[in-house]
Amino acid sequence: MKGMDTTGTTGNTGTAVPSTASRRDYPLLVFGNFVNELMVTVPVHRHADALVAVSPRKIWLTRPGDVLVTPRAMSGPLCDYACELLGFAPSDVTLLDAPSEGLATLTSAVRANGLVDRLREEARSRPGIRFQAFAQDRPALDLAAELGVPVEGYEESGVPDDAVGAVYAVNTKSGFRRIATELGIRVAEGHTCAGPQDLAAALRKVLDTKGAAVVKPVRGSNGYGVRFWEAADLPRLDADLAVYLDSVAEQPPGWVVEERLDFARVVTVEMEVYAAGPQVLHVGEMRTPNGSFSGQVTPLVASSGATDELVRGGLALGRRLHAAGYRGPFDIDGGITADDTLYATESNVRKTGCTYLDLLVRRLLGEERAAASVWIADSRPGGVEADFAAGLARVRAAGLDFTPGADEGVVLTADTLAFDGKWRYLVLGPTRERTEDLEALLADTLKLA
């Protein structure tokens, strides 16, 4: 971000926290538990399948000697491409997949596929190995303890109960609203609703007084279960609400109703909590078509009082999580209105769609060049090539692909074409204009919608 330092002050003493995001000297057991207890209480097939589809992108976090466990097998072309770009052979990383019906946590799938003993053997052969989960839910932490593998960032004694409690609380919409209010982080006017009657009353009240509302399940992610409402819906509210409740009937009751605000910009601060304190990784502007995250531009075009406030909020929440004993990534998402007022909307205390990209950019460019780079990530359907290898060949033929040592180029980050027909990509460039130009060239090459 221009005009401010996001290199990592703790917010307590102003002492810089050295970044370790792109450096380590120990192996990891990378656990891709995209289906977990923190994101949706009861994963439905459509949501779970979408999470499982992108899970092989965890390959971008690995180094030689690591073990990677995902709920979906990685495609050969993606594996070969990622390892080539990262500078090692596919055989240097042990890849294990634990497929399930999609509704099970990865921990359950590992047990069902008989992989516990295999993982124990892999861990024993790698002194100093650490367990790195996508989300630190209780099933993943229980598996780490069963394997005898310390969780990355924590002492050998394990993850404190207070940290686990904080993770579960902040990952709910109601818990975040409560903690944000305690920390002085601005949130939209709203109500927490325990049951359908509370929901109906709160929604009617917000529509009557504010004219527009948004309903969110207490626990949800990626826009799951989010519904927008207008005052014009009031005459048929009971009937429409019944249809909505039926669409999320598999979830336990619990919702947040908030005033719907018109945001000029949707923003996020990505953070990491280390032993020394919280560190800002980056601040970015999110792309959220239809209310769901699809991509991000980093850094923001320009700083403002609102984005400075977002960083302060991230550091404040980071200090709260640090005090509870949590170590790991989190973010705060929010929106900025036309009058430059920030409203925080949620926090994800886990890795996110851009956590791995932040590390990958640092890894590809080095810390110094990464700090001066602009990157765009997104997922868009393409009109040509329904095959990852063929699409990659097109990108390379157009001279757009990132190569080691370069300052710019395109990285194809996942192979999900068979699932949703979308290309997921990262574009790196020295300036905002150049990065946007490269994205436009990519769009023309793959006929992106």
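Since this is a predicted model, take the numbers as computed values, not measurements.

Here is what the cut-offs are and how they apply
- Residues numbered from 1 in each chain as written.
- Predicted model: local features only at pLDDT ≥ 70, side-chain atom pairs only at ≥ 80, totals over all residues.
- Heavy atoms only, no water.
- Helix = DSSP H or I, 4+ residues; strand = E, 2+ residues; numbered from the N terminus.
- UniProt positions renumbered as here; feature names shortened; annotations may be inferred.
- Buried < 20%, exposed > 50% of the residue type's maximum accessible area, 1.4 Å probe, protein only.
- Core = buried A, V, L, I, M, F, W, Y, C linked by side-chain atoms within 4.5 Å.
- Pairing = 2+ DSSP bridges.
- Salt bridge = Lys/Arg side-chain N within 4 Å of Asp/Glu carboxyl O.
- Axes fitted to C-alpha atoms, helices over the stretch in contact; angles between N-to-C directions.
- Parallel < 35°, antiparallel > 145°, perpendicular 65-115°, else oblique.
- Left-handed = near helix turned anticlockwise from the far one by under 90°.
- Contact = heavy atoms within 4.5 Å.

**Some remarks on unusual backbone geometry**
In this model, Thr298 is joined to Pro299 through a cis peptide bond whose omega is 0 degrees. Along the chain, Pro299 turns up in the loop between strand E11 (295-298) and helix H10 (305-323). You will see that Asp340, though not glycine, has its phi angle at about 65 degrees, which is positive.

**Some thoughts on the UniProt feature "domain: ATP-grasp" (unreviewed entry) in the chain**
UniProt records the feature "domain: ATP-grasp" (unreviewed entry) at residues 177-378, using the numbering of this structure. A helix fraction of 34% and a strand fraction of 32% characterise residues 177-378, whose end C-alpha atoms lie 28 Å from each other.

**Quick look at the environment of Ala323**
Looking at where Ala323 falls in the secondary structure, it is placed in helix H10. Note on Ala323: relative accessible area 66%, which makes it exposed. When the C-alpha positions of Ala323 and Leu392 are compared, they lie 45 Å apart, and in sequence the two are 69 residues distant.

**Quick look at the nonpolar core**
Counting 64 residues, the largest nonpolar core has Leu29, Phe31, Val69, Val110, Phe131, Leu321 and Ile332 as its most contacted members. Leu78, Ala82, Leu360 and Leu442 belong to the second-largest nonpolar core, a separate cluster that totals 47 residues.

**With respect to the pairing of strand E12 (residues 328-336)**
Within E12, nine of the nine residues are buried, which leaves it mostly tucked inside the rest of the structure. With nine bridges connecting them, strand E9 (residues 265-274) and E12 associate as antiparallel partners. The residue of E12 that forms the bridge with Arg265 is Ile336. Hairpin connection, E12 to strand E13 (residues 342-348): the antiparallel pair is bridged by five residues, and Asp340 has positive phi, about 65 degrees.

**A few points about the pattern of salt bridges**
Pairing between side chains becomes possible if they bear opposite charge and their charged atoms approach one another. On inspection of all chains with the given rule, the structure shows 32 salt bridges. A salt bridge links Glu189 to Lys210; the shortest N-O distance between them is 3.4 Å. A residue pair is termed long-range when its members are at least 10 positions apart, and Glu189 in the loop between helix H7 (173-183) and strand E5 (190-193) and Lys210 in helix H8 (residues 196-210) qualify at 21 residues. Relative accessible area serves as the criterion here: at 45%, Glu189 is assigned to the partly exposed category. Judged by its relative accessible area of 37%, Lys210 falls in the partly exposed class. We note a salt bridge from Arg236 to Asp233, for which the minimum N-O separation is 3.0 Å. Among the ionic contacts, a cluster of salt bridges with common partners joins Arg111, Asp117, Arg120 and Glu146.

**Description of the environment of Ala371**
Mapped onto the secondary structure, Ala371 falls in helix H12 (residues 367-371). On the basis of relative accessible area, Ala371 is assigned to the exposed category, the value being 71%. The spacing of Ala371 and Asp117 is 254 residues in sequence and 42 Å in space, taken between C-alpha atoms.

**Considerations on the sheet that holds strand E7 (residues 227-230)**
Read from one edge of the open sheet, four strands run E5-E8-E6-E7, paired in antiparallel fashion. Looking at the sheet topology across the chains shown, the edges are occupied by E5 and E7. The sheet shows a mean angle of 20 degrees between the axes of neighbouring strands, taken without regard to direction. Examined bridge by bridge, strand E6 (residues 212-217) and strand E8 (residues 255-259) share five bridges and lie antiparallel to one another. Within E8, the position partnered with Lys216 by the bridge is Val256.

**Some points on the packing of helix H2 (residues 76-86) against helix H13 (residues 388-397)**
Describing two packed helices takes the angle between their axes plus the distance from one axis to the other. Contact geometry of H2 with H13 gives a least axis separation of 9 Å together with a crossing angle of 40 degrees. It follows from the interaxial angle that H2 and H13 lie oblique. The handedness of the crossing between H2 and H13 comes out as left-handed. Here Pro77, Leu78, Tyr81 and Glu84 of H2 lie close against H13, whose contacting residues are Phe388, Ala389, Leu392 and Arg396.

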